[in-house]
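The chain contents come next:
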Amino acid sequence: MVGKKIAIIGSRGIPNNYGGFEKFAEILSTFLVSKGYEVCVSCERPCDDNFPPSFKGVELFYCPLRPPNFFLARIVYEFLYDIYSLFKAARSADIVYMLGYSAAMFFFIPKLFRKQLWVNPDGMEWKRPKFNPAIRGLLKVSEKLAVFWADRMVVDSNEIKKYLDSKYGIESEFIPYGALDVKPIAWDDDKFTGDLRGKITLNPHYWLMVARLEPENNIHTIIRGYLQSSIDMPLVVVGNFASPVYEAYVKRILDEGPDKKVIFTGGIYNRELLNMLRCNCFAYLHGHSVGGTNPSLVEIMKMKTVIIAHNNEFNREVCRDSALYFNDSEDLASKMEMVDADREDFFDLRDKARERILNDYSWEGIVEDYETLIRSV
(Lines give C-alpha, C1' and ligand atoms only; values in the text may rest on other atoms or scores of the structure.)
Protein backbone atom coordinates (compact mmCIF):
# COMPACT_ATOMS: atom_id res chain seq x y z
CA MET A 1 0.00 0.00 0.00
CA VAL A 2 1.05 3.60 -0.61
CA GLY A 3 1.16 5.51 2.67
CA LYS A 4 -2.10 7.01 3.87
CA LYS A 5 -5.57 5.46 4.02
CA ILE A 6 -8.40 7.51 2.53
CA ALA A 7 -12.06 7.26 3.54
CA ILE A 8 -14.64 8.65 1.08
CA ILE A 9 -17.93 9.27 2.88
CA GLY A 10 -21.19 11.16 2.32
CA SER A 11 -22.47 9.30 -0.77
CA ARG A 12 -25.12 6.57 -0.65
CA GLY A 13 -22.39 4.06 -1.39
CA ILE A 14 -20.89 1.97 -4.16
CA PRO A 15 -21.35 0.39 -6.62
CA ASN A 16 -23.32 3.37 -7.88
CA ASN A 17 -27.07 2.91 -7.99
CA TYR A 18 -28.13 6.50 -7.52
CA GLY A 19 -26.36 9.60 -8.81
CA GLY A 20 -23.35 11.85 -9.31
CA PHE A 21 -21.64 11.63 -5.91
CA GLU A 22 -21.98 7.85 -5.94
CA LYS A 23 -20.47 7.64 -9.41
CA PHE A 24 -17.65 9.93 -8.31
CA ALA A 25 -16.97 7.87 -5.16
CA GLU A 26 -16.93 4.65 -7.16
CA ILE A 27 -14.55 5.87 -9.87
CA LEU A 28 -12.15 7.81 -7.62
CA SER A 29 -11.91 5.04 -5.02
CA THR A 30 -11.24 2.28 -7.56
CA PHE A 31 -8.67 4.41 -9.39
CA LEU A 32 -6.83 5.15 -6.13
CA VAL A 33 -6.85 1.45 -5.19
CA SER A 34 -5.34 0.65 -8.59
CA LYS A 35 -2.54 3.09 -7.69
CA GLY A 36 -1.82 1.20 -4.47
CA TYR A 37 -3.76 3.30 -1.96
CA GLU A 38 -5.93 1.84 0.79
CA VAL A 39 -9.44 3.26 0.40
CA CYS A 40 -12.73 2.73 2.21
CA VAL A 41 -16.18 4.05 1.23
CA SER A 42 -19.27 4.51 3.41
CA CYS A 43 -22.49 2.84 2.26
CA GLU A 44 -26.12 2.95 3.31
CA ARG A 45 -27.55 -0.28 4.67
CA PRO A 46 -28.69 -2.39 1.66
CA CYS A 47 -32.41 -3.16 1.52
CA ASP A 48 -31.66 -6.83 0.79
CA ASP A 49 -29.23 -7.05 3.74
CA ASN A 50 -26.46 -8.12 1.38
CA PHE A 51 -23.23 -6.60 2.74
CA PRO A 52 -20.26 -7.25 0.43
CA PRO A 53 -17.09 -6.29 2.33
CA SER A 54 -15.37 -4.80 -0.70
CA PHE A 55 -15.82 -3.61 -4.28
CA LYS A 56 -12.94 -3.88 -6.75
CA GLY A 57 -10.45 -3.66 -3.91
CA VAL A 58 -12.24 -0.81 -2.09
CA GLU A 59 -13.18 -1.58 1.52
CA LEU A 60 -16.88 -0.94 2.25
CA PHE A 61 -18.52 -0.13 5.58
CA TYR A 62 -22.26 0.19 6.23
CA CYS A 63 -24.59 2.31 8.32
CA PRO A 64 -26.42 0.03 10.79
CA LEU A 65 -29.74 1.84 10.18
CA ARG A 66 -31.96 0.99 7.22
CA PRO A 67 -32.83 4.03 5.00
CA PRO A 68 -36.51 5.06 5.11
CA ASN A 69 -38.71 5.81 2.11
CA PHE A 70 -40.50 8.86 3.59
CA PHE A 71 -38.92 12.16 2.45
CA LEU A 72 -38.66 13.93 5.85
CA ALA A 73 -37.45 10.77 7.56
CA ARG A 74 -34.90 10.46 4.80
CA ILE A 75 -33.39 13.86 5.74
CA VAL A 76 -33.00 12.74 9.38
CA TYR A 77 -31.52 9.43 8.25
CA GLU A 78 -28.89 11.09 6.05
CA PHE A 79 -27.88 13.30 8.97
CA LEU A 80 -27.39 10.28 11.27
CA TYR A 81 -25.66 8.34 8.49
CA ASP A 82 -23.11 11.14 8.02
CA ILE A 83 -22.39 11.32 11.77
CA TYR A 84 -21.86 7.56 11.92
CA SER A 85 -19.60 7.70 8.85
CA LEU A 86 -17.52 10.52 10.32
CA PHE A 87 -16.82 8.50 13.48
CA LYS A 88 -16.16 5.26 11.62
CA ALA A 89 -13.86 6.87 9.04
CA ALA A 90 -11.96 9.02 11.54
CA ARG A 91 -11.07 5.96 13.60
CA SER A 92 -9.48 4.04 10.72
CA ALA A 93 -8.40 6.46 7.97
CA ASP A 94 -5.77 9.18 7.75
CA ILE A 95 -7.80 11.38 5.40
CA VAL A 96 -11.58 11.70 5.69
CA TYR A 97 -13.05 12.98 2.43
CA MET A 98 -16.64 14.11 3.03
CA LEU A 99 -18.94 14.59 0.03
CA GLY A 100 -21.47 17.28 0.96
CA TYR A 101 -21.76 19.33 4.13
CA SER A 102 -25.27 18.91 5.56
CA ALA A 103 -23.77 17.43 8.78
CA ALA A 104 -21.11 20.14 9.08
CA MET A 105 -21.84 20.80 12.76
CA PHE A 106 -20.18 17.44 13.40
CA PHE A 107 -17.15 18.02 11.20
CA PHE A 108 -15.06 18.43 14.36
CA ILE A 109 -15.14 14.62 14.78
CA PRO A 110 -12.08 13.87 12.60
CA LYS A 111 -10.20 16.53 14.62
CA LEU A 112 -10.81 14.51 17.81
CA PHE A 113 -8.83 11.73 16.15
CA ARG A 114 -6.26 14.16 14.69
CA LYS A 115 -7.21 13.26 11.12
CA GLN A 116 -7.34 15.36 7.97
CA LEU A 117 -10.81 16.43 6.80
CA TRP A 118 -11.45 17.25 3.17
CA VAL A 119 -14.88 18.52 2.09
CA ASN A 120 -16.42 18.56 -1.38
CA PRO A 121 -19.40 20.95 -1.06
CA ASP A 122 -21.34 19.68 -4.11
CA GLY A 123 -21.99 23.23 -5.27
CA MET A 124 -24.09 25.79 -3.43
CA GLU A 125 -26.42 23.45 -1.57
CA TRP A 126 -28.49 26.29 -0.13
CA LYS A 127 -29.57 27.32 -3.64
CA ARG A 128 -31.33 24.04 -4.38
CA PRO A 129 -35.08 24.70 -4.90
CA LYS A 130 -36.09 21.32 -3.47
CA PHE A 131 -35.29 22.67 0.02
CA ASN A 132 -37.64 24.95 1.97
CA PRO A 133 -36.37 28.29 3.38
CA ALA A 134 -35.59 26.82 6.81
CA ILE A 135 -33.40 24.07 5.37
CA ARG A 136 -31.68 26.52 3.04
CA GLY A 137 -30.86 28.69 6.05
CA LEU A 138 -29.35 25.71 7.85
CA LEU A 139 -27.32 24.83 4.76
CA LYS A 140 -25.84 28.35 4.66
CA VAL A 141 -24.69 27.87 8.26
CA SER A 142 -23.40 24.40 7.38
CA GLU A 143 -21.36 25.85 4.52
CA LYS A 144 -19.63 28.22 6.95
CA LEU A 145 -18.93 25.39 9.40
CA ALA A 146 -17.59 23.20 6.61
CA VAL A 147 -15.11 25.89 5.59
CA PHE A 148 -14.12 26.40 9.24
CA TRP A 149 -13.41 22.72 9.99
CA ALA A 150 -12.05 21.51 6.65
CA ASP A 151 -8.31 21.16 6.06
CA ARG A 152 -9.09 21.24 2.33
CA MET A 153 -12.17 22.41 0.46
CA VAL A 154 -12.12 20.48 -2.83
CA VAL A 155 -14.36 21.81 -5.60
CA ASP A 156 -15.15 20.45 -9.05
CA SER A 157 -15.96 23.83 -10.61
CA ASN A 158 -13.95 27.02 -10.97
CA GLU A 159 -17.20 28.94 -10.44
CA ILE A 160 -17.60 27.31 -7.02
CA LYS A 161 -13.93 28.00 -6.28
CA LYS A 162 -14.38 31.71 -7.08
CA TYR A 163 -17.42 31.87 -4.81
CA LEU A 164 -15.81 30.11 -1.81
CA ASP A 165 -12.44 31.82 -2.09
CA SER A 166 -14.04 35.25 -2.36
CA LYS A 167 -16.63 34.75 0.38
CA TYR A 168 -14.42 33.04 2.96
CA GLY A 169 -10.91 34.22 2.06
CA ILE A 170 -9.60 30.68 1.51
CA GLU A 171 -7.71 28.89 -1.25
CA SER A 172 -9.87 25.93 -2.23
CA GLU A 173 -8.59 23.08 -4.42
CA PHE A 174 -10.07 22.78 -7.92
CA ILE A 175 -10.22 19.18 -9.17
CA PRO A 176 -13.04 18.44 -11.66
CA TYR A 177 -15.00 15.28 -12.32
CA GLY A 178 -13.90 13.17 -15.25
CA ALA A 179 -15.31 11.04 -18.04
CA LEU A 180 -14.44 7.41 -18.64
CA ASP A 181 -13.73 6.14 -22.14
CA VAL A 182 -16.85 4.78 -23.86
CA LYS A 183 -16.63 2.78 -27.06
CA PRO A 184 -19.51 3.28 -29.51
CA ILE A 185 -22.22 0.72 -28.75
CA ALA A 186 -24.35 -0.57 -31.60
CA TRP A 187 -28.10 -0.60 -31.11
CA ASP A 188 -29.49 -3.89 -29.84
CA ASP A 189 -33.19 -4.23 -28.95
CA ASP A 190 -32.40 -7.34 -26.93
CA LYS A 191 -30.63 -5.23 -24.31
CA PHE A 192 -34.02 -3.93 -23.14
CA THR A 193 -35.90 -6.02 -20.61
CA GLY A 194 -39.23 -5.83 -18.84
CA ASP A 195 -41.42 -2.78 -19.45
CA LEU A 196 -38.79 -1.09 -21.65
CA ARG A 197 -38.79 -3.82 -24.29
CA GLY A 198 -40.21 -2.40 -27.51
CA LYS A 199 -40.73 1.12 -26.12
CA ILE A 200 -37.50 2.74 -27.35
CA THR A 201 -36.36 2.29 -30.94
CA LEU A 202 -34.14 3.97 -33.51
CA ASN A 203 -37.13 4.37 -35.81
CA PRO A 204 -38.36 6.89 -34.83
CA HIS A 205 -35.24 8.41 -33.33
CA TYR A 206 -35.38 9.87 -29.80
CA TRP A 207 -34.20 12.80 -27.68
CA LEU A 208 -32.57 11.89 -24.37
CA MET A 209 -32.28 13.30 -20.86
CA VAL A 210 -30.46 11.57 -17.95
CA ALA A 211 -30.84 13.11 -14.50
CA ARG A 212 -32.17 12.77 -11.01
CA LEU A 213 -35.74 13.97 -11.52
CA GLU A 214 -35.99 17.01 -9.27
CA PRO A 215 -36.73 20.75 -9.74
CA GLU A 216 -33.13 21.98 -9.83
CA ASN A 217 -32.54 19.77 -12.89
CA ASN A 218 -35.38 21.50 -14.75
CA ILE A 219 -37.30 18.36 -15.63
CA HIS A 220 -40.53 20.40 -15.74
CA THR A 221 -38.92 23.04 -17.99
CA ILE A 222 -37.63 20.41 -20.42
CA ILE A 223 -40.98 18.61 -20.54
CA ARG A 224 -42.76 21.92 -21.23
CA GLY A 225 -40.25 22.86 -23.92
CA TYR A 226 -40.65 19.51 -25.61
CA LEU A 227 -44.45 19.77 -25.54
CA GLN A 228 -44.35 23.35 -26.89
CA SER A 229 -42.05 22.40 -29.77
CA SER A 230 -43.01 20.91 -33.13
CA ILE A 231 -40.78 17.88 -32.41
CA ASP A 232 -42.60 14.62 -33.08
CA MET A 233 -39.90 12.09 -32.18
CA PRO A 234 -40.08 10.69 -28.59
CA LEU A 235 -38.34 12.11 -25.52
CA VAL A 236 -36.68 9.48 -23.31
CA VAL A 237 -36.20 10.47 -19.65
CA VAL A 238 -33.79 8.35 -17.60
CA GLY A 239 -33.84 8.78 -13.84
CA ASN A 240 -35.88 8.45 -10.67
CA PHE A 241 -38.14 11.12 -9.19
CA ALA A 242 -36.78 12.61 -5.97
CA SER A 243 -40.25 13.12 -4.48
CA PRO A 244 -43.84 12.06 -5.23
CA VAL A 245 -44.94 15.70 -5.08
CA TYR A 246 -42.62 16.69 -7.91
CA GLU A 247 -43.54 13.57 -9.87
CA ALA A 248 -47.23 14.53 -9.66
CA TYR A 249 -46.39 18.07 -10.80
CA VAL A 250 -44.50 16.83 -13.88
CA LYS A 251 -47.23 14.34 -14.72
CA ARG A 252 -49.83 17.16 -14.60
CA ILE A 253 -47.79 19.09 -17.18
CA LEU A 254 -47.91 16.03 -19.42
CA ASP A 255 -51.65 15.51 -18.89
CA GLU A 256 -52.42 19.14 -19.76
CA GLY A 257 -50.21 19.23 -22.87
CA PRO A 258 -50.56 17.78 -26.35
CA ASP A 259 -50.43 14.02 -26.83
CA LYS A 260 -46.70 13.38 -27.36
CA LYS A 261 -44.55 10.41 -26.45
CA VAL A 262 -42.47 10.86 -23.27
CA ILE A 263 -40.90 7.63 -22.04
CA PHE A 264 -39.87 7.49 -18.36
CA THR A 265 -37.43 4.61 -17.92
CA GLY A 266 -36.66 5.03 -14.23
CA GLY A 267 -33.05 4.77 -13.13
CA ILE A 268 -30.79 2.71 -15.41
CA TYR A 269 -27.59 1.46 -13.76
CA ASN A 270 -26.63 -1.10 -16.36
CA ARG A 271 -23.70 0.80 -17.88
CA GLU A 272 -23.87 -0.92 -21.25
CA LEU A 273 -27.58 -0.19 -21.69
CA LEU A 274 -27.23 3.41 -20.51
CA ASN A 275 -24.28 4.04 -22.81
CA MET A 276 -26.14 2.48 -25.73
CA LEU A 277 -28.97 4.98 -25.16
CA ARG A 278 -26.52 7.87 -24.93
CA CYS A 279 -24.42 6.88 -27.93
CA ASN A 280 -27.44 6.52 -30.21
CA CYS A 281 -29.72 9.41 -29.21
CA PHE A 282 -30.66 12.13 -31.70
CA ALA A 283 -29.61 14.87 -29.25
CA TYR A 284 -29.18 15.32 -25.49
CA LEU A 285 -30.96 17.69 -23.10
CA HIS A 286 -29.20 18.77 -19.89
CA GLY A 287 -31.18 20.76 -17.33
CA HIS A 288 -28.91 20.82 -14.27
CA SER A 289 -28.78 24.33 -12.86
CA VAL A 290 -27.18 24.07 -9.38
CA GLY A 291 -23.86 22.53 -8.48
CA GLY A 292 -20.53 22.26 -10.19
CA THR A 293 -19.32 19.86 -12.85
CA ASN A 294 -22.02 17.29 -13.52
CA PRO A 295 -20.76 13.74 -14.27
CA SER A 296 -23.56 12.95 -16.73
CA LEU A 297 -22.67 16.06 -18.73
CA VAL A 298 -18.95 15.35 -19.07
CA GLU A 299 -19.73 11.75 -20.01
CA ILE A 300 -22.18 12.66 -22.78
CA MET A 301 -19.70 15.22 -24.13
CA LYS A 302 -17.26 12.38 -24.75
CA MET A 303 -19.87 10.50 -26.82
CA LYS A 304 -20.07 13.09 -29.63
CA THR A 305 -23.72 14.07 -29.21
CA VAL A 306 -25.39 17.42 -29.88
CA ILE A 307 -26.13 18.96 -26.47
CA ILE A 308 -28.68 21.59 -25.45
CA ALA A 309 -27.91 22.64 -21.85
CA HIS A 310 -29.52 24.95 -19.32
CA ASN A 311 -27.91 28.40 -19.50
CA ASN A 312 -25.94 28.82 -16.25
CA GLU A 313 -22.35 29.46 -15.24
CA PHE A 314 -21.65 25.83 -14.31
CA ASN A 315 -22.74 24.32 -17.63
CA ARG A 316 -21.01 27.10 -19.57
CA GLU A 317 -17.77 26.49 -17.67
CA VAL A 318 -17.80 22.84 -18.74
CA CYS A 319 -19.18 23.10 -22.28
CA ARG A 320 -17.99 26.55 -23.33
CA ASP A 321 -18.77 26.84 -27.06
CA SER A 322 -19.51 23.14 -27.58
CA ALA A 323 -23.24 23.25 -26.72
CA LEU A 324 -26.43 25.20 -27.32
CA TYR A 325 -28.04 26.82 -24.26
CA PHE A 326 -31.65 27.45 -23.21
CA ASN A 327 -33.11 29.87 -20.68
CA ASP A 328 -36.73 28.69 -20.40
CA SER A 329 -39.22 26.32 -22.03
CA GLU A 330 -39.94 28.62 -25.00
CA ASP A 331 -36.22 29.05 -25.68
CA LEU A 332 -35.69 25.29 -25.40
CA ALA A 333 -38.52 24.60 -27.87
CA SER A 334 -36.88 26.96 -30.35
CA LYS A 335 -33.43 25.34 -29.93
CA MET A 336 -34.87 21.84 -30.30
CA GLU A 337 -36.60 22.84 -33.54
CA MET A 338 -33.31 24.28 -34.84
CA VAL A 339 -31.49 21.00 -34.22
CA ASP A 340 -34.41 18.96 -35.52
CA ALA A 341 -34.42 20.92 -38.79
CA ASP A 342 -30.82 20.01 -39.61
CA ARG A 343 -28.74 18.29 -36.94
CA GLU A 344 -25.66 18.15 -39.17
CA ASP A 345 -25.35 21.94 -38.89
CA PHE A 346 -24.35 21.38 -35.25
CA PHE A 347 -21.95 18.47 -35.66
CA ASP A 348 -18.97 20.77 -35.07
CA LEU A 349 -20.26 21.22 -31.49
CA ARG A 350 -19.98 17.46 -30.95
CA ASP A 351 -16.31 17.49 -31.96
CA LYS A 352 -15.55 20.48 -29.75
CA ALA A 353 -17.25 18.80 -26.78
CA ARG A 354 -15.22 15.62 -27.11
CA GLU A 355 -11.96 17.55 -27.53
CA ARG A 356 -12.77 19.62 -24.41
CA ILE A 357 -13.28 16.50 -22.28
CA LEU A 358 -10.19 14.71 -23.61
CA ASN A 359 -8.01 17.73 -22.84
CA ASP A 360 -9.34 18.84 -19.45
CA TYR A 361 -11.53 16.14 -17.88
CA SER A 362 -9.62 12.85 -18.15
CA TRP A 363 -9.80 10.65 -15.05
CA GLU A 364 -6.11 9.83 -15.33
CA GLY A 365 -5.22 13.51 -14.90
CA ILE A 366 -7.79 13.97 -12.14
CA VAL A 367 -6.41 11.05 -10.13
CA GLU A 368 -2.92 12.52 -10.51
CA ASP A 369 -4.26 15.76 -9.00
CA TYR A 370 -5.69 13.81 -6.06
CA GLU A 371 -2.40 11.97 -5.58
CA THR A 372 -0.59 15.30 -5.45
CA LEU A 373 -3.07 16.51 -2.84
CA ILE A 374 -2.68 13.32 -0.77
CA ARG A 375 1.11 13.61 -0.85
CA SER A 376 0.87 17.21 0.37
CA VAL A 377 -0.67 16.07 3.68
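Residues numbered from 1 in each chain as written. Predicted model: local features only at pLDDT ≥ 70, side-chain atom pairs only at ≥ 80, totals over all residues. Heavy atoms only, no water.

Caption draft 1: Seen up close, the overall build of the protein. Assigned secondary structure in the protein consists of 13 helices and 14 strands. For a compact globule of 377 residues, the expected C-alpha radius of gyration is about 21 Å, and the protein comes in at 21 Å, within 12% of that figure. Seen through its principal axes, the protein has C-alpha atoms that stretch 60 × 45 × 40 Å. Residues counted as buried form 55% of the 377 residues belonging to the protein. (Helix = DSSP H or I, 4+ residues; strand = E, 2+ residues; numbered from the N terminus. Rg over C-alpha atoms; globule rule 2.2 N^0.38 Å. Buried < 20%, exposed > 50% of the residue type's maximum accessible area, 1.4 Å probe, protein only.)

Caption draft 2: Layout of the pattern of salt bridges. In total, this model carries 22 salt bridges according to the counting rule given. Note that E299 and R278 form a salt bridge whose closest N and O atoms lie 2.9 Å from each other. A residue pair is termed long-range when its members are at least 10 positions apart, and E299 in helix α9 (residues 295-301) and R278 in helix α8 (residues 271-280) qualify at 21 residues. Across the pair, exposure class does not vary: E299 and R278 are buried alike. (Salt bridge = Lys/Arg side-chain N within 4 Å of Asp/Glu carboxyl O.)

Caption draft 3: Just unusual backbone geometry, in detail. Of the consecutive residues I14 and P15, the connecting peptide bond is found in the cis state with omega at 0°. Here P15 shows up in the loop between β1 (5-9) and α1 (20-34). With an omega of 10°, the peptide bond between N203 and P204 qualifies as cis. Of note, P204 is situated in the loop between β8 (173-174) and β9 (207-210). Even without a glycine there, the phi angle at K304 is positive, about 55°. Examined against the element boundaries, K304 turns out to sit in the loop between α9 and β13 (307-310). Under the relative-accessibility criterion, K304 is labelled partly exposed at 35%. Even without being glycine, R320 reaches a positive phi, approximately 50°. Turning to its location among the elements, R320 is positioned in the loop between α10 (313-319) and β14 (324-326). For R320, a relative accessible area of 51% corresponds to the exposed category.

Caption draft 4: α1, seen in detail. End to end, α1 covers 21 Å across 15 residues, agreeing with the expected 21 Å (1.5 Å per residue, within 8%). Burial runs high along α1: 12 of the 15 residues are buried. Considered for burial, the residues of α1 that qualify are F21, E22, K23, F24, A25, E26, I27, L28, S29, T30, L32 and V33. Within two residues after α1, G36 carries a phi angle of roughly 100°, on the positive side. (Expected span 1.5 Å × (residues − 1).)

Caption draft 5: The arrangement of the packing of aromatic side chains in detail. As enumerated under the stated definition, the model contains 20 aromatic pairs in all. Measuring from centroid to centroid gives 5.8 Å for Y97 and Y370, while their planes differ by 45°, and the two rings are tilted. Separated by 273 residues along the polypeptide, Y97 in strand β5 (residues 95-99) and Y370 in helix α13 (residues 363-375) bring together distant segments of the chain. What makes Y97 buried here is its relative accessible area of 1%. Among the residues examined, Y370 registers a relative accessible area of 1% and is labelled buried. Clustering of aromatic rings is evident, with ring pairs tying together F24, F31, Y97, W118, Y177, W363 and Y370. The residue whose ring lies beneath K167 is Y168, and the NZ or CZ to ring-centre distance is 5.7 Å. (Phe/Tyr/Trp six-rings, centres within 6.5 Å; stacked < 30°, edge-to-face > 60°. Lys NZ or Arg CZ within 6 Å of the ring centre and 35° of its normal.)

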